[in-house]
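Chain by chain, the residues run as shown.
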Amino acid sequence: MGFSIALVVFSALMMLLVLMHKGKGGGLSDMFGGGMQSSVGGSSVAERNLDRITVVIGLLWFACIVVLGLLTKSAS
């Protein structure tokens, strides 16, 4: 029960953190070379910290999914 609550919390945090990121491109056009005018400059400290927090929350989210899968497998 605790891991499923944690999964819901981490999922909500992931959505918020991803939405807080600054847009960096033009979507599909960037995949095919259309967004070459984007700047290559460095990120601010806040953006780098947001990236780090997003990665940590993503890893915790993934760990919750693995643990829930193992618990479900052992319960059946």
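It should be noted that the structure appears before, not after, this text.
Everything quoted here is computed from the prediction, not taken from an experiment.

Asker: How would you summarise the overall build of the chain if you had to cite specific residues and measurements?
Answerer: Along the backbone of the chain there are three helices and zero strands. Taken from N to C terminus, the helices and strands of the chain fall in the order α-α-α. Here the chain holds 76 residues, and 12% of them are scored as buried. For the chain, contacts bridging at least 24 residues in sequence account for 90% of all contacts bridging at least 6. Counting every atom, the chain has about 6000 Å² of accessible surface; 74% of that belongs to carbon and sulfur.

Asker: I'd like to hear about the environment of L68, residue by residue, with values.
Answerer: The topology assignment puts L68 in helix α3 (residues 45–75). In contact with L68, other than residues within four places in its own chain, are F3, S4 and L7.

Asker: Give me the lowdown on α3, citing residues and values where you can.
Answerer: In this model α3 runs 45 Å from its N-terminal to its C-terminal C-alpha over 31 residues, within 8% of the 45 Å that 1.5 Å per residue would give. Buried residues of α3: L50, T54, I57, G58 and C64, and no others. On its buried face, α3 is in contact with α1 (2–20).

Asker: Outline the nonpolar core, supporting the account with residue identities and numerical values.
Answerer: General note: in soluble globular proteins, nonpolar side chains tend to be found buried as a group. Ranked by size, the top nonpolar core spans six residues in total: L7, F10, L17, L50, I57 and C64. Within the residue set of this core, elements represented by two or more residues are α1 and α3. Beyond its immediate stretch of four places on either side in the chain, I57 contacts F10, L13, M14 and L17.

Each value, and the rule that gives it
- Residue numbers restart at each chain and count upward from 1, following the sequence in its written direction.
- At least 70 in pLDDT is required for a residue's local features to be given in this predicted model, at least 80 for side-chain atom pairs to be given and counted, and no such filter applies to totals for whole chains, interfaces and linings, which use all residues.
- Hydrogens and water are ignored here; the side-chain numbers use all heavy atoms of the structure.
- Working definition: helices are DSSP H or I runs of at least four residues, strands are E runs of at least two. Numbering for both runs from the N terminus.
- Each residue's exposure class comes from its accessible area (1.4 Å probe, protein chains only) as a fraction of the maximum for that residue type: buried when under 20%, exposed when over 50%, partly exposed otherwise.
- Every residue pair with non-hydrogen atoms within 4.5 Å of one another is taken to be in contact.
- The protein chains shown are the only cover counted for residues, whose accessible areas, like all others here, come from Shrake-Rupley with a 1.4 Å probe.
- Helix span is expected to be 1.5 Å times the residue number reduced by one.
- We define a nonpolar core as any set of buried Ala, Val, Leu, Ile, Met, Phe, Trp, Tyr and Cys residues linked to one another through side-chain atoms lying within 4.5 Å.

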